[in-house]
Amino acid sequence: MSIHNVRTFMEKSGCGLAVGGALAVVMAMGIFNASQCNRGGKNPDAVDTVVATVGEVSIDARQVAELVENQQRQFGASMELPPFLEVSLLGGALQQLIDGGLQVELAKQKGIALTDDAIVAFYNGQIDDLVKSERERLVKAGKIKADATDAQYTEALKKDQPGFTSFEDLRKRNEDLIRQTLADPTKRTSAVLQTAQAMIAAAETKRLNLTEEEVLKDYDEFTLKRVYLSEASNKGKDLKAEAEKILAEIKGGTTFEQAMDKYSNDAPTTPKERVSKNELKYGTAMLLGDPRLVPLAALKKGDVSGVLDEFGGVAIYKVVDVKRQLPKDWDKNKTQLIQQAKQSRVIREVQKAIEEMRKQDRVVWKSAGYKVVFDFQRLSSDPSVAGDAAKLKERQKELLADAETAIEKDPVGSNAAKLVRFVMFESEYAQATAEEKKALSAKRIEYAKAIPQYDDKPGLQLQVVDMYVDAGDKENAGQTLLEAARANMDTSDLGKSNHGAMLTKLAQLREKKQIDEETAKLVDEQLERWVTDKAAAEKESAELRKMEEQAQKERDAAKKADEAEQQKLLDEAKKSSGTKAPPTDKDKAPAKSPG
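Here the structure is a predicted model, which means the values were calculated and not measured.

Engineer: Quick one: what's the story with the overall build of the protein, residue by residue and with numbers?
Structural biologist: Within the protein, the secondary structure is distributed over 21 helices and 7 strands. Across the 595 residues in the protein, those meeting the buried criterion constitute 39%. Contacts spanning at least 24 positions in sequence make up 66% of the contacts within the protein whose residues lie at least 6 apart. Put simply, the protein shows about 34200 Å² of open surface, and 51% of that area lies on carbon and sulfur atoms.

Structure below.
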């Protein structure tokens, strides 16, 4: 975690205050302090059941659930997420934990120990870096001189950082927090996984040597042209073979621009212009960050690439120009920028190593349902199906079948598989013809109602109302709207939005005679109940604000009384001693100008 990220975390989280100010958790705060300040607690529905292993690392369902909860808080504690987003969060949590397990494996390969003592020593080293950084910051801010002693620096830091006492105390608090977290079995694995990543990055950054010229290349901007052959436009053809023929023509004398106009499946960037006018601009970092484009970073102006894999096809590139775009503050911040360049390279190298490890089947799945979620998550970035609608559809069908099997045979991952099944089925339904949709409607409703906590999701229930309407099922449409109205207990903006949608839906069903009046009246009662609940919630909120305002007034009055008492004691001290007490800021008058 960088110095900047530490400060950002401090500013956005109150957790740092619990252990004594901004510096009290330093580099470890994003991992260890967050686990201590987990406001959500453990999900009571989650269980400590291993869903996958990566080497010696076990990933259990509770770890996944807690990561999802942390992510969900960003959307609001009471917000009902659509099923697709629920699956995405679940898949993202699994990906994070699996990558963490791979990081642990990579750390072992590199001889990096992950014992408690090694982890504490690592973060103590990060404190040393922070000590140096904070000194530089205070010097730049004019709060200490460049040659300030350690004692002067410490005193200045005490004034600047409330709660800071000493660096010895800082290290002790940091170590206590780390050891406390590592001693807790429910927190240890997550902390170790994230620490492995930080320790690898630090070790590799220290090892890496870069010349200034190598770093300067990072600021090169490449202007490129390409001949692109897409799978969609060349069905049944061997794209690489076709591209090799085009490359041979270019080497034989055909200009690159002529080849673009004749063969490229790209559309003109500007209407009515030739495709050969198209240009792409990439910085070196962008090229190196995309495995398919890495070879381009080594080319010079005028060079033509070989045949490269592209999203949904293949391409041949020509480097039209290379210009160096140095930042204006290069000379001033050269040391810092070189360090950042080293860190960027290390991140790319580690990502590449992790990607290679992913291909080696190091993950052993214990839950078929969680594997379905993971496979669904990876499908969106799978280059083997990119741009090939037929392959994608076939893979989706396989995933749907895998989900059905998991629902039947995997109690641990059943709920996760139900989410994937619905999302995958929705994709199939969206692509179906009107006649096919009629045949699929019953299953669509069944899969929607099988989603975990369906009865507590009024937004999803409203979608099912529409499904029943489309199926011509008047009775269930009305009954489901009533269930949705009963489920809407939220008086926040989300509940207000659902309430408005229900009012509209009820009016539509009444107008089209798609709900019987008895059920409609029951829906009316629930909608009215929500209005009453909303008013009560607003009243309670107003009373709480009033109480807080009164409490603040009392605090301000107490502070004012305390200040008056202090001033009284000062005045009495002056009278009894017969001398003037040291002047306060209020007593100090501005110096008069001469003359």
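Engineer: Report on unusual backbone geometry, specifying residues and quantitative values.
Structural biologist: Located in the positive-phi region is Lys272, a residue other than glycine, with phi close to 70°. Within the fold, Lys272 resides in the loop between helix 11 (256-263) and strand 4 (280-283). One non-glycine residue, Asp361, adopts positive backbone phi at about 55°. Its place among the elements puts Asp361 in the loop between helix 13 (334-358) and strand 7 (363-365).

Engineer: Give a detailed account of the sheet that holds strand 2 (residues 57-60), specifying residues and quantitative values.
Structural biologist: Strand order across the open sheet formed by 3 strands is 2-1-7, with antiparallel pairing between neighbours. One side of each edge strand has no neighbouring strand; the edge strands of this open sheet are strand 2 and strand 7. Taking each pair of neighbouring strands and ignoring which way they run, the sheet shows an average axis angle of 25°. Examined bridge by bridge, strand 1 (residues 50-54) and strand 7 share 3 bridges and lie antiparallel to one another. Bridged to Thr53 within strand 7 is Val364.

Engineer: Any chance you could break down the pairing of strand 2 for me, citing the residues and the numbers?
Structural biologist: Strand direction decides the pairing type here: strand 1 and strand 2, joined by 4 bridges, are antiparallel. Residue pairing for strand 2: Val54 is matched across the bridge by Val57. Linking two consecutive strands that pair antiparallel, namely strand 1 and strand 2, is a turn of 2 residues; a positive phi of about 65° is found at Gly55 within it.

Engineer: Describe the packing of aromatic side chains, with residues and values.
Structural biologist: Two aromatic rings are characterised by how far apart their centres lie and by the angle between their planes. This model, assessed by the stated rule, comprises 6 aromatic pairs. Plain terms: the ring middles of Phe84 and Phe376 are 6.2 Å apart, the flat faces sit at 80° to each other, and that makes the pair edge-to-face. In this pair, Phe84 sits in helix 4 (residues 83-109) while Phe376 sits in helix 14 (residues 368-379), placing the two residues 292 residues apart along the sequence. With 5.0 Å between their ring centres and 85° between their planes, Phe425 and Tyr447 make a pair best called edge-to-face. With Phe425 in helix 16 (residues 414-431) and Tyr447 in helix 17 (residues 434-449), this pair connects stretches of sequence that are 22 residues apart. Take Phe425 and Tyr447: they sit in the same class, and that class is buried. For Arg226, the ring lying beneath its charged end belongs to Tyr228, and the centroid distance is 4.4 Å. Taking NZ or CZ as reference, Arg444 lies 4.1 Å from the ring centre of Tyr429, over its face.

Engineer: I'd like to hear about the nonpolar core, residue by residue, with values.
Structural biologist: Grouped together as the largest cluster of nonpolar side chains are 82 residues, with contacts concentrated most on Val64, Leu94 and Tyr370. Sequence-distant contacts of Tyr370, defined by excluding residues within four places in its chain, comprise Val51, Ala61, Val64, Leu90, Leu94, Trp365, Asp410, Val412 and Gly413. In terms of nonpolar packing, the next biggest core, distinct from the first, is built from 14 residues, Leu229, Ile246, Ala259 and Ile316 among them.

Engineer: Which residues make up the pattern of salt bridges, and what are the values?
Structural biologist: The final tally for this structure, using the stated rule, is 44 salt bridges. Of the charged contacts, one joins Arg179 and Glu175 as a salt bridge, the two residues approaching to 2.9 Å between their closest N and O atoms. Separated by 4 residues within a single helix, Arg179 and Glu175 lie in helix 7 (residues 167-182), roughly one turn from each other. Of the residues examined, Arg179 reaches a relative accessible area of 31% and is grouped as partly exposed. Between Asp375 and Lys371 there is a salt bridge, with the nearest N and O atoms lying 2.8 Å from each other. Placement of the pair is Asp375 and Lys371 together in helix 14, with a separation of 4 residues, close to one helical turn. The exposure class assigned to Asp375 is buried, which follows from its relative accessible area of 17%. By relative accessible area, Lys371 is classed as partly exposed at 32%. Among the charged side chains, a network of salt bridges with common partners joins Asp99, Glu355, Arg358 and Arg378.

About the thresholds
- All residue numbers refer to positions counted from 1 along the written sequence of the respective chain.
- The predicted nature of this model means local features are confined to residues of pLDDT at least 70 and side-chain atom pairs, given and counted, to a pLDDT of 80 or more, with totals for whole chains, interfaces and linings taken over all residues.
- Where side-chain values are given, they derive from all heavy atoms of the structure, hydrogens and water being excluded.
- Only DSSP runs of H or I covering at least 4 residues are called helices, and only runs of E covering at least 2 are called strands; the numbering of each starts at the N terminus.
- Under the scheme applied here, a residue whose accessible area is under 20% of the maximum for its type counts as buried, over 50% as exposed, and between as partly exposed, the area being computed with a 1.4 Å probe on protein chains only.
- Contact between two residues is taken to exist if any of their heavy atoms lie within 4.5 Å; hydrogens are not considered.
- Surface accessibility follows the Shrake-Rupley procedure with a 1.4 Å probe radius. Residue values consider only the protein chains on display as shielding.
- What makes two strands pair is DSSP finding at least two bridges between them.
- Every angle, taken between N-to-C directions, lies between 0 and 180 degrees, and every axis is a line fitted to C-alpha atoms, over only the stretch in contact when it is a helix.
- A pair of Phe, Tyr and Trp rings is counted when the ring centres sit within 6.5 Å of each other, with Trp represented by its six-membered ring. The angle between the planes then sorts it: under 30 degrees is stacked, over 60 is edge-to-face, the rest tilted.
- Here, a charge over a ring is recorded when the distance from Lys NZ or Arg CZ to the ring centre is within 6 Å and its angle to the ring normal is within 35 degrees.
- In this description, a nonpolar core means a group of buried Ala, Val, Leu, Ile, Met, Phe, Trp, Tyr and Cys residues linked to one another through side-chain atoms lying within 4.5 Å.
- Salt bridges are counted wherever a side-chain nitrogen of Lys or Arg sits within 4 Å of a carboxyl oxygen of Asp or Glu.

Spatial relationships are all this shows, so hold off on functional conclusions.
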